Amino acid sequence: MSVLAPERAPVLDEPSAAPVTRTRKKDFAGLVLAMPFLVLLVSTVLVPVLYALYLSLFTERLQGLGFSGPQHVFVWLGNYVSVIADKAFHAGLGNVALFALVHIPSMLIGALILALLLDSAVVRLRRMWSLAVFVPYAVPVVIGGLIWAYLYSPTIGPIKNLLGFDPLSDSAVLPSIANIATWQWVGYNMIIFYTALQAVPREIVEAARADGAGGFRTAWSIKIPVIRPTIFVAVVFTVIGSLQVFTEPMVLRGFTGTVTSTWSPSMYVYEAAFVAGDNGRAAAASVLLAVICAVLSAVVMRFSTRRSR
Amino acid sequence: MELSPALRDPGVSRRGFLRATAALGAAGLVGGCTATAAPPGATPVTIWSWLTGMDKYVAAFNAAQKDVFVELRVIAAGLSGGYAQQTNAIRAHNAPDVLHVEYQGLPQILLTGGLRDLTADMADLESQYSPAAWRGVRPDGRTWGVPMDIAPMVFYYRKDLFDQHGIALPRTWDEFRTAAAAVKQVDPQARICSFPLNDGSFFAGMSWQAGDPWWTAEGDTWAVDIAGEGTVRTGSFWQSMITENLVAGVVHGTQDWIAGMHDGKLWGLLGASWSVGTLGRSIPKDTGRWAVATMPTWNGKAANGVQGGTAFGISAESKAPEAAMTFLRWLSTNPEVPKIGSTFTTPFPAHLPNRAIARQAYKGGYFIGDPVYDVLDEAAKRVPDWTWGPNALRLFSTISDAFGPVRSGGTTLPDALRKIQQHAVADMRAKGLSVREGKTA
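Definitions and cut-offs
- Residues numbered from 1 in each chain as written.
- Chains lettered and ligands numbered in written order.
- Predicted model: local features only at pLDDT ≥ 70, side-chain atom pairs only at ≥ 80, totals over all residues.
- Heavy atoms only, no water.
- Core = buried A, V, L, I, M, F, W, Y, C linked by side-chain atoms within 4.5 Å.
- Buried < 20%, exposed > 50% of the residue type's maximum accessible area, 1.4 Å probe, protein only.
- Domains from an automatic or database assignment.
- Contact = heavy atoms within 4.5 Å.
- Axes fitted to C-alpha atoms, helices over the stretch in contact; angles between N-to-C directions.
- Helix = DSSP H or I, 4+ residues; strand = E, 2+ residues; numbered from the N terminus.
- Left-handed = near helix turned anticlockwise from the far one by under 90°.
- Nonpolar A, V, L, I, M, F, W, Y, C, P; charged D, E, K, R; others polar.
- Buried area = accessible area lost by both parts, 1.4 Å probe.
- Salt bridge = Lys/Arg side-chain N within 4 Å of Asp/Glu carboxyl O.
- Pairing = 2+ DSSP bridges.
- Polar contact = N/O pair within 3.5 Å; in protein donor to acceptor, adjacent residues only side chain to side chain.

Draft legend 1. Region of the structure containing the nonpolar core. Counting 138 residues, the largest nonpolar core has Phe-176, Ile-192, Phe-195, Trp-238, Leu-270 and Leu-331 of chain B as its most contacted members. Shared between two domains, this core takes at least three residues from each, and those domains are domain 1 (5-150 + 309-363) and domain 2 (153-306 + 385-437) of chain B. Those residues in contact with Phe-195 of chain B that sit more than four places away from it in its chain are Phe-202, Phe-203, Met-206, Trp-238, Ile-242, Val-247, Ala-248, Gly-249, Leu-270 and Leu-413 of chain B. Counting 56 residues, the second-largest nonpolar core is a separate cluster that includes Met-107, Leu-108, Ala-111 and Ala-196 of chain A.

So, in structure tokens, the structure goes:
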């Protein structure tokens, strides 16, 4: 935690006796200043996480007709076993994997191209363009989902006629969901990339130009390598976001039967907790999803540090 | 999915995602608010409900007497978060005195052990209720709820178009198929109605008519029969209608559906009593086009299912069960209630004397053909025996998931039904419930 970092510096340059009380005082001040953060961290993150871990080890058992109420039973890792063995959970993971394959490259490459265009001199009306691309991010996801759901609706929406196939059919619904997410996030990531591009030292860019590099060559050999750490951070966030995709399929589910109630792992958790009323299974699935997210982020981070060396 | 407030109807649970999101937020904020606004001397009673107009009923009750003061908290509808919120409150021992339960959700709420047995409190009212509603609050022969309304299924159709093209109103499902073909012949773009595959509550209502209840409480054991003869017959019929492309697949209540209903692409609706209000609000310009009739039957055997309907239960841990009962008896049986309800909706009370009052208050003018309340009354009389099981709400998702591939020919309705039966039995057994497969002995 970064909270503890500042205390080290004074210890190094202050000699003997006095620093003990000094450090304590500083510790105390640091602690007070960190309190708001710590309180929120503990109450809204750590306690719920620990409670979810606790819940994931229990289940409710009934008997007979069930009307006499449930008994809480400790089942060790039983909930985890049943989630891992559940075909619906596998199908959900498969769906988000495919979703990520469609969404991550198209969204990030799109955002990068737009950012490079904005950064280059060729674009006029820069503010208007950046605002236009960014606006979808400002639209609440549910509203965005509903807008697209109407556009996708076979009889009242125009997209079926434009494309020649039903965007809500079995085979097309996944790209349709990815399209909503891409529309939503491309502007946000474009702004992040554009901000990073603004920080690229102009001398390097000018030097490249003096060496005869064109706009494309400058972008490919200078700008992209310089902002690579930013790109990897965006990849990590997008991977996590893709695994947790929830709102877009949930909205489309009201319009088509092709999105199942457990279409993504997050929807699986929602179904277990709020429809089936099985909190133990929902908690176990959440923990598994969190572990998968952590592992994938670690893999992407490891990959990124290796590449940027 | 309800997309506009105009489509919301009392007593019907639909997945409304906007409301789900709101509910998730609200569920976190509500917790244990105990401050009361009750005047001195009055017993405070808390109620959680998503019934449209409940605020008006509560205000009228509080104004009418001084002994009980009811405080309402509006919660998200049914599966959009209402059930989860109530179940969690029961688990946390801070449930309100009165809980909102639909007939289809009652047994699932009962699994928490959080409802009070109302058998003795309600015994004197039996003869005043529609038998279908009375059975709905008595899944195991004990009374667990106070019925509010009941939603028998009926067939809404474009009488103007049927008459114009000389198509007779179908009275059996065989005639329905003939009529569907005739509609398609008149206008190749039009269909007789939609059969939404992602609505488990709707399919349950359609199967209810066929006379093989999906669940029965036999002593201490659930008999589960979701792939019984009647249900499979229903499934096979609609499978053939889908295969022959005689029905649309659009989801009820969506903009697509409203457009189809208004533009003459859908000539009918397999709806329920609350669809009276839905039609009037979502296609208000269609005055003088639509009529209501009882459902087509299986070979003339008069029967129809139910889709929706609300009741209220009292928390087992309520500190004021008598006061709560006073309010619920008023809400269910006082003639003021349907009068208030008629000002903003088309109530169809479970309480028979109140239904007569709702009938008088109904303004009419929208529908042509037989009087609406005559048809609904007849439909309510035709409802056969049915018991909702303790996994009914979850089963609706299972049905919607299992029926998904039917559209593309990936499976058939009868095959999907057999899978649903296995899934339901396994799910119930995993919870520890005592289950027997197959028809009631």
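Draft legend 2. Region of the structure containing the packing of helix α4 (residues 87-119) of chain A against helix α8 (residues 173-198) of chain A. Residue and element names in this part refer to chain A. Look at α4 against α8: their axes get within 7 Å of each other, and the N-to-C directions meet at 35°. Here the hand of the crossing between α4 and α8 comes out right-handed. Here the residues of the contact of α4 with α8 sort into 21 nonpolar, seven polar and one charged.

Draft legend 3. Seen up close, the domain arrangement of chain B. Residue and element names in this part refer to chain B. For chain B, the domain assignment lists domain 1 (5-150 + 309-363) and domain 2 (153-306 + 385-437). In this structure, domain 1 and domain 2 have C-alpha centres spaced 27 Å apart. Of the residues lining the interface, 23 residues belong to domain 1; the matching set on domain 2 comes to 27 residues. When the two sides are added together, the surface that domain 1 and domain 2 hide from each other amounts to roughly 2,200 Å², 59% of it contributed by carbon and sulfur. Arg-135 is the salt-bridge partner of Asp-385, the closest N and O atoms lying 3.0 Å from each other.

Draft legend 4. Inspection of the sheet that holds strand β11 (residues 435-437) of chain B at higher detail. Residue and element names in this part refer to chain B. Reading across the sheet, the three strands line up as β6-β7-β11 and stay open at both edges, with mixed pairing between neighbours. The sheet is open, and its two edges are formed by β6 (215-218) and β11, each paired on a single side. When the angles between neighbouring strand axes are averaged without regard to direction, this sheet yields 25°. As judged from the three bridges shared by strand β7 (residues 221-224) and β11, these two strands associate in the parallel manner. Its bridge partner lying in β11, Val-224 is registered against Glu-437. Against the sheet, helix α18 (residues 413-430) contacts β6, β7 and β11, and its axis sits at roughly 160° relative to β11.

Draft legend 5. View of the pattern of salt bridges. Residue and element names in this part refer to chain A. All chains considered together, the criterion is met by 25 salt bridges over all chains. A salt bridge links Lys-223 to Asp-119, with the nearest nitrogen and oxygen atoms 2.8 Å apart. Taken together, the residues span a long stretch of sequence, with Lys-223 in helix α10 (residues 215-226) and Asp-119 in helix α4 at a distance of 104 residues. On the basis of relative accessibility, which here comes to 8%, the residue Lys-223 falls in the buried class. Among the ionic pairs, Asp-278 bridges to Arg-281, the shortest N-O distance being 3.3 Å. Take Asp-278: its relative accessible area is 22%, and that puts it in the partly exposed class.

Draft legend 6. Spatial organisation of the interface of chain A and chain B. Between chain A and chain B, the residue contacts involve 41 residues of the former and 48 residues of the latter. Applying the counting rule to chain A against chain B returns three salt bridges. Our count for the chain A to chain B interface comes out at 14 residue pairs in polar contact (both at pLDDT 80 or more). Contributing elements (two or more residues each) for the side of chain A that touches chain B: β1 (58-61), α6 (141-152), α12 (247-253), α13 (265-275) and α14 (279-308) of chain A.

Draft legend 7. Examining the environment of Pro-338 of chain B more closely. Within the secondary structure, Pro-338 of chain B sits in helix α14 (residues 336-341). In contact with Pro-338 of chain B, other than residues within four places in its own chain, are Pro-347, Pro-349, Asn-354, Ile-357 and Ala-358 of chain B.

Draft legend 8. Looking closely at the sheet that holds strand β8 (residues 268-272) of chain B. Residues and elements named next belong to chain B. On the basis of which strands lie adjacent, the open sheet formed by three strands has the order β8-β5-β9 and antiparallel pairing. The open sheet is flanked by β8 and β9 (290-294), the only strands paired with a single partner. Shown here is a sheet whose adjacent strand axes are inclined to one another by a mean of 30°, direction ignored. Across five bridges, strand β5 (residues 153-158) lies against β8 in antiparallel orientation. Considered in β8, the bridge of Val-154 is made with Gly-271.

Draft legend 9. Focus on helix α11 (residues 255-262) of chain B. Residues and elements named next belong to chain B. Buried within α11 are the following residues: Asp-256, Trp-257, Ile-258, Gly-260 and Met-261. Buried-residue contacts for α11 involve β5, β8, α12 (275-282) and β9. Count one or two residues on from α11 and you reach Gly-264, which has phi positive near 80°.

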